[in-house]
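A closer look at the structure
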Amino acid sequence: MEDRKRLLSKLDLFAGLGDRELDEIVLISRRRRLHAGEMLFHKGDEGGEVYVIVTGRVKAYSTGPEGDDVVFRYMGAGEVLGELGAFAQGMRTASNVAVEDCDLLMIQRRELIPLLRRFPDIAIWLLGALAARMIKLSESLEDNNFRPVNARLAKCLLGFADRWSEPGRNGGSVITVRLPQGELGDLVGATRESVNKAVRAWTSEGIVAMHDGTITIKNRAALEKLIET
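The model shown is predicted, which means the values in this text are computed figures rather than measured ones.

A word on the overall build of the protein
The helix and strand tally for the protein stands at nine helices and twelve strands. In terms of overall size, the protein behaves like a compact globule, its C-alpha atoms giving a radius of gyration of 19 Å where 229 residues would be expected to give roughly 17 Å. Overall size of the protein, expressed as C-alpha extent along the three principal axes, is 55 × 40 × 35 Å. Scored against the burial criterion, the 229 residues of the protein give a buried share of 44%. Restricting to contacts in the protein with at least 6 residues of sequence separation, those with at least 24 account for 69%. Of the roughly 12,500 Å² that the protein leaves accessible, carbon and sulfur atoms contribute 51%. Distance from the positive charge centre (32 side chains) to the negative charge centre (33 side chains) of the protein: 1 Å.

This is the structure we're talking about:
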């Protein structure tokens, strides 16, 4: 229990909660570990649990009638997932798979609801997480309707770099998530061909570099300029 409390206290998501609230969350939570490539749940599964990512990354996607996957988002430490199915007492609206080894905390709906009634601060914490999700969705819809593909792609890459990157040997920021161009297309609402065209042009201009599916941002200012325009 102390280990779980220590993990929670390190996440920005729980920064506003006191010891008592953290203790209560720890009491009803269970730790779950996933290996890279392991499914957390599938679209259509019954949704009775809420998860908090402690370490690692999870990818949410849906599979179409012809078997094609469409990626919705990547989630990392401090993010909440599975809340829609849990609170609506319905089915999972997307499949979620571990991109790498993950450590999560799982809370059953039947234990979470009474806790929210007893501790308003925890309810406020969860509302904040849901509001952040809705803000991101709203921004994504606005971008897809009003920004050109290159600007959407630039914003997406910088977002990944801000969250998940490390310095490159020859400078720049290496995004530590492998992002196939088809998935990038899903994330920015564009075709794979459009993404490929933009990445090839940026590579020739020295803005980004590609190596074994890994993207390095070499000229951040150039991508920021694309977003501004």
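Moving on from the model shown.
Some details on the sheet that holds strand E11 (residues 208–211)
Judged by pairing direction, the sheet is antiparallel, and its four strands sit side by side in the order E9-E10-E12-E11 without closing on themselves. Where the open sheet ends on each side, the last strands, each with one partner, are strand E9 (165–167) and E11. Shown here is a sheet whose adjacent strand axes are inclined to one another by a mean of 25 degrees, direction ignored. The sheet contact formed by E9 and strand E10 (residues 173–175) spans three bridges and is antiparallel. When the sheet's bridge partners are listed, Ser165 is paired in E10 with Ile175.

Topic: the packing of helix H6 (residues 149–163) against helix H9 (residues 220–228)
Taken N-terminus to C-terminus, the directions of H6 and H9 make an angle of 130 degrees; their axes are 8 Å apart at the nearest point. On the basis of their axis angle, the class for H6 and H9 is oblique. As H6 packs across H9, the resulting crossing turns out to be left-handed. Across from Ala151, Ala154, Lys155, Leu158 and Asp162 in H6, the residues of H9 making contact are Arg220, Leu223, Glu224, Leu226 and Ile227. For the contact of H6 with H9, the residue count by class is six nonpolar, no polar and four charged.

A short note on H6
Spacing of three or four residues puts side chains on the same side of an α-helix, whose turn is 3.6 residues. For H6, with 15 residues, the first-to-last C-alpha span of 21 Å sits near the 21 Å given by 1.5 Å per residue. Listed in full, the buried residues belonging to H6 are Ala151, Arg152, Leu153, Ala154, Cys156, Leu157, Leu158, Phe160 and Ala161.

Brief notes about the packing of aromatic side chains
The final tally for this structure, using the stated rule, is three aromatic pairs. Ring centres 6.1 Å apart and planes at 35 degrees place the aromatic pair Phe41 and Tyr51 in the tilted group. Taken together, the residues Phe41 in strand E2 (residues 39–41) and Tyr51 in strand E3 (residues 49–55) connect sequence positions ten residues apart. Across the pair, exposure class does not vary: Phe41 and Tyr51 are buried alike. Among the aromatic residues, ring-to-ring pairing joins Tyr74, Phe160 and Trp164 into one connected group. Here the guanidinium or amino end of Arg92 rests over the ring plane of Phe41, the centre of that ring lying 4.2 Å away.

Focus on the sheet that holds E2
If you walk across this open sheet you meet the four strands as E2-E7-E4-E5, and the pairing is antiparallel. In the strand order of this sheet, the two ends are held by E2 and strand E5 (69–75), each with one partner. Strand-to-strand, the axes of this sheet are offset by a mean angle of 30 degrees, without reference to chain direction. Inspection of the sheet shows strand E4 (residues 58–63) paired to E5 by six bridges, in the antiparallel sense. Each residue of the ladder has a partner; that of Ser62, found in E5, is Val70.

As for the state of the cysteines
Throughout the structure, instances matching the rule amount to zero disulfides. Of the cysteine sulfurs around Cys102, a residue in no disulfide, the closest is that of Cys156, at 19 Å. Take Cys102: its relative accessible area is 4%, and that puts it in the buried class.

Calculation notes
Residues numbered from 1 in each chain as written. Predicted model: local features only at pLDDT ≥ 70, side-chain atom pairs only at ≥ 80, totals over all residues. Heavy atoms only, no water. Helix = DSSP H or I, 4+ residues; strand = E, 2+ residues; numbered from the N terminus. Rg over C-alpha atoms; globule rule 2.2 N^0.38 Å. Buried < 20%, exposed > 50% of the residue type's maximum accessible area, 1.4 Å probe, protein only. Contact = heavy atoms within 4.5 Å. Areas by Shrake-Rupley, 256 points an atom, 1.4 Å probe, with all protein chains shown as cover. Lys, Arg positive; Asp, Glu negative; His and termini not counted. Charge placed at Lys NZ, Arg CZ, Asp CG, Glu CD. Pairing = 2+ DSSP bridges. Axes fitted to C-alpha atoms, helices over the stretch in contact; angles between N-to-C directions. Parallel < 35°, antiparallel > 145°, perpendicular 65-115°, else oblique. Left-handed = near helix turned anticlockwise from the far one by under 90°. Nonpolar A, V, L, I, M, F, W, Y, C, P; charged D, E, K, R; others polar. Expected span 1.5 Å × (residues − 1). Phe/Tyr/Trp six-rings, centres within 6.5 Å; stacked < 30°, edge-to-face > 60°. Lys NZ or Arg CZ within 6 Å of the ring centre and 35° of its normal. Disulfide = S-S within 2.5 Å.

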